[in-house]
Protein chains: 2
Amino acid sequence: MLGARGGWRALRRCPSSIFSSSSFSSSFSSFSSSSSLPREQRAPAVRLRVRQALGAREAAGEVQVQGWVRSIRSQKEILFLHINDGSSLESLQVVADPSMESRDLTFGSAVEVRGKLVKSPHKMQNMELKAESIRVVGPCDTLSFPLKAKERHPLEYIRQFPHLRCRSNALGALLRIRSEATAAIHSFFQDHGYVHIHTPIITSNDCEGAGELFQIETSNETQKSAEKNHFFNVPAFLTVSGQLHLEVMAGAFTHVFTFGPTFRAENSQSRRHLAEFYMVEAELSFTESLQDIMQVMEDLFKTATSTVFSRCPRDVELFHKYVAPAQKGRLEQMLKNKFVTISYNEAVEILKQASQTFAFKPEWGCDLQTEHEKYLVQHCGEVPVFVINYPYDLKPFYMRDNEDGPQRTVAAVDLLVPGIGELCGGSLREERLPFLQSRLQRYLDLRKFGSVPHGGFGMGFERYLQYILGVDNIKDVIPFPRFPHSCLL
Amino acid sequence: MLGARGGWRALRRCPSSIFSSSSFSSSFSSFSSSSSLPREQRAPAVRLRVRQALGAREAAGEVQVQGWVRSIRSQKEILFLHINDGSSLESLQVVADPSMESRDLTFGSAVEVRGKLVKSPHKMQNMELKAESIRVVGPCDTLSFPLKAKERHPLEYIRQFPHLRCRSNALGALLRIRSEATAAIHSFFQDHGYVHIHTPIITSNDCEGAGELFQIETSNETQKSAEKNHFFNVPAFLTVSGQLHLEVMAGAFTHVFTFGPTFRAENSQSRRHLAEFYMVEAELSFTESLQDIMQVMEDLFKTATSTVFSRCPRDVELFHKYVAPAQKGRLEQMLKNKFVTISYNEAVEILKQASQTFAFKPEWGCDLQTEHEKYLVQHCGEVPVFVINYPYDLKPFYMRDNEDGPQRTVAAVDLLVPGIGELCGGSLREERLPFLQSRLQRYLDLRKFGSVPHGGFGMGFERYLQYILGVDNIKDVIPFPRFPHSCLL
């Protein structure tokens, strides 16, 4: 029944050492051709991803590459194709006999090419594929296909086609980077002994009492009216943050993190807000200093960014070359230097002394506006800036009183980055029972049974991607953006 | 401002080589003591996690361990404590002078112990900590604390305390295993060249037309009435599966996966259903054989399970010893052998010839019931069983017609495992445009522009954990279970 094993054995005959398969280690298995298909007379071809083919160190016989045609150029004596399968930004050049051309072989069509992998005579590419056969497995109606060959479509244009834009260079690169960044963030926490917690999406409490919530109901009408009650007995909402649930876990594991979707029902049409976005959140027990939290934020940011830059240099280059040309140098500087730290007091002083006129007048006790954040980042030299010790009245109940006056400031921190504004927010949490009396009973329970000083932070993942790549609109760094009046697919 | 640096430098003086820090590589940084606290006269202690302390290869001077007291035994000459910080199932034994005892030093309290790490004279443990000081940082009201010292609380009992149960041995072990399993699944896909996609949680389409949905609305009353319309202009739901969105991505990347929450508004009070659960889903392009999909399912299952078993042997042992004593042998057998494959036709024949009487009579064309699944797994020797080629009429529109008769069967597969029933479901997807005419326009678009044969599957993550650990109730393998009439925290 499981005849695919035959294909596996055949595959093992191919010396995998000829391919530099850094990120495809032991990955040949899933690309093996299946022997449950009618067997052809000739030996089965080794299935290669484009990235593997391009990175091969020597020529190889019968190989098979599958992907989508990115360009086609027919000459009298020779037919050139470029094939992309999403494994890299670069496409593989296929050299074929013009007789292999067919009506269905067009830009956008899906093809399976068999042939020999040889060194390319062109110095821009390492290897190319000499086709022995080309099979169009899925034709493409190029007239109605919204992407056009050899055109650089603006991000705004392809945003209209959420089901097809992943075929463009820019979104392809973005999604590979997003995948690598996700993995890098998971690795960072795992390497540092954090336990990963799936905090719930549906919750009966509202983390900060702030932010507008989505409420959940069953869609089944009969069930709704028959029960008259809520599915969960209580009103239920989509989470705005996993923090309170992480705090529960920080009472047992000391180092925990979560990385999942969070939701805000804000009717905001900005280039840095979404109704559904991802947040990286961590909570650290036995932490009595805001500096410890800030150190983790800085380390996380730098480690993830360095990993992404080294794992997909070409994809990152696309953004730093065509989307945000000044971004590369700025980020390299940022990775080399320590982030700047200023207090909220200092921030207000800086703003007051600014020659610039603000729409919102800076005043101690008022929240920092986007215009203020931008100015502060600029003032500090266009580098990431931690602002610490915010006024007590500005922040939610769980933040730790600094006791520098009667309820004057709390040990809170925001990380501001150029072009984006707030990227992370964190604080020491109030662990002292008397400071929390008259609050939520469960929250108090956590302080009653072996309470510890602790703190944590959250980082908006899409804003992180926006910042490192210099992408202007947040809708272009998430596969399926959700915002007011739009929920395509 | 960033005084924590001082602590870092002090830390580097400590030769990390004395600690076997397999899963805490380069992790000392985040455990460093902060120098922003009032400095004591003596040199700063090296902060160690319990797991690091227990695994240390040699004695060490001034160290600091923080955690919660798991047991306390006061003798005339000596005071014994066991400290756990969630980094491992085992606690670290602390040996102290009875004078260090205090009223607050109780079971459940949070403590910070400084002292010397020395070889333990007891053969059950490697190292122990000779305390020089014990500081209670958070006392615990043991009378109202629902967990009791040295008691093995049943899983049903601790389920009542979702905010405290992570402090029990069983849930602690479970959550460490869950974290490792999550990492192992991510690594499996990354190592095999899959791109990770965050498929959306809020969606305007209903994947299978099956399953009851949660609908979303803004909770803001004024916004609701003012707009009269939906927040997203269209009715929006919580996703039941990321499949259709993954299929979009499989049109650009060939190998994609997602691992996120999915939702069902079913009013089911079973031990294997939740309203919010996690699903691992993968989609493979250029795949013409169901065997290829099944091979990935089997490889994923075995690789993740082996990784979890080797990374947290003691945590797994807790379940295999106290929760499901027969599970260990069965799983070892399962890891060694190939999964069994039978067709739906064969399955119905086996059921018809069974001596057992079923509540639902087995009949070709009817869905397999839980009782049938259990019998099939038993019949095949209590091993995982793939059932393939289900009747056309039983399965959703996107599954590929096998063309073995007029709409007779489709290339679908379910993986059944002992004690659970269905763990995974997958299929080849119908890539042929004529078979799909009159369906959703966007789904058709995917077939119009370079369509490829492809297929995929989904695996219920909680059921996976239930199976490998032998946990009876699904509510005990997720940190914050959501089910009808219950949404605690």
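Residues numbered from 1 in each chain as written. Chains lettered and ligands numbered in written order. Predicted model: local features only at pLDDT ≥ 70, side-chain atom pairs only at ≥ 80, totals over all residues. Heavy atoms only, no water.

Chain A is annotated in an unreviewed UniProt entry as asparagine--tRNA ligase of Anas platyrhynchos platyrhynchos. Annotation of chain A in UniProt includes, under Subcellular location (unreviewed entry), the sentence "Mitochondrion". Its UniProt record, at the heading Catalytic activity (unreviewed entry), says of chain A: "tRNA(Asn) + L-asparagine + ATP = L-asparaginyl-tRNA(Asn) + AMP + diphosphate + H(+)". (UniProt positions renumbered as here; feature names shortened; annotations may be inferred.)

1. Focus: the domain arrangement of chain A
Residue and element names in this part refer to chain A. As far as domains go, chain A holds domain 1 (3-138) and domain 2 (165-476). With ten residues of domain 1 in contact, the opposing surface of domain 2 contributes nine residues. Across the interface of domain 1 and domain 2, roughly 760 Å² is buried in total on both sides, 40% from carbon and sulfur atoms. When the buried area of domain 1 at its contact with domain 2 is split by residue, Arg70, Leu89 and Glu90 rank highest and sum to 62% of it. In this structure, the connection of domain 1 to domain 2 is made through one salt bridge. Across the pair Arg314 and Glu90 runs a salt bridge whose closest N-O atoms are separated by 2.6 Å. On the surface where domain 1 and domain 2 come into contact, there are five residue pairs in polar contact (both at pLDDT 80 or more). Partitioned by chemical class, the residues of the side of domain 1 that touches domain 2 number two nonpolar, five polar and three charged. (Domains from an automatic or database assignment. Contact = heavy atoms within 4.5 Å. Buried area = accessible area lost by both parts, 1.4 Å probe. Salt bridge = Lys/Arg side-chain N within 4 Å of Asp/Glu carboxyl O. Polar contact = N/O pair within 3.5 Å; in protein donor to acceptor, adjacent residues only side chain to side chain. Nonpolar A, V, L, I, M, F, W, Y, C, P; charged D, E, K, R; others polar.)

2. Here's the deal with the relation of the copies chain B and chain A
Between chain B and chain A, the superposition needs a rotation of 180° and an axial shift of 0.0 Å, giving an RMSD of 0.0 Å. Such a combination of rotation and displacement between the chain copies is what one expects of a two-fold axis. If distances are taken from each C-alpha of chain B to the rotation axis, the shortest is found for Ile216(B), at 2.4 Å. The residues that chain B uses at the interface reappear at the interface of chain A in 99% of cases, marking a shared surface. (Least-squares fit on C-alpha atoms with pLDDT ≥ 70 in both.)

3. Let's talk about the environment of Lys338(A)
All names here are of chain A. Relative to the elements of secondary structure, Lys338 occurs in the loop between α9 (327-336) and β13 (340-343). Classification of Lys338 as partly exposed rests on a relative accessible area of 34%. Considered as a pair, Lys338 and Met124 are 214 residues apart in the sequence and their alpha carbons are 38 Å apart. Polar side-chain contacts of Lys338 include one of 3.4 Å to the side chain of Glu298. (Helix = DSSP H or I, 4+ residues; strand = E, 2+ residues; numbered from the N terminus. Buried < 20%, exposed > 50% of the residue type's maximum accessible area, 1.4 Å probe, protein only.)

4. Points about the interface of chain B and chain A
Chain B puts 139 residues into the contact, and the matching count from chain A is 138 residues. Summing the contributions of chain B and of chain A, the shared interface buries around 11400 Å²; its carbon and sulfur component is 59%. The shortest N-O distance in the salt bridge between Glu288(B) and Arg135(A) comes to 2.9 Å. Seen at the junction of chain B and chain A, the total is 40 residue pairs in polar contact (both at pLDDT 80 or more). Looking at the side of chain B that touches chain A element by element, the count peaks at eleven residues for helix α4 (residues 169-191) of chain B. For strand β9 (residues 214-218) of chain A and strand β9 (residues 214-218) of chain B, the ladder comprises five bridges, and the chain directions are antiparallel. Directly across from Glu217(A), in β9(B), lies its bridge partner Gln215(B). (Pairing = 2+ DSSP bridges.)

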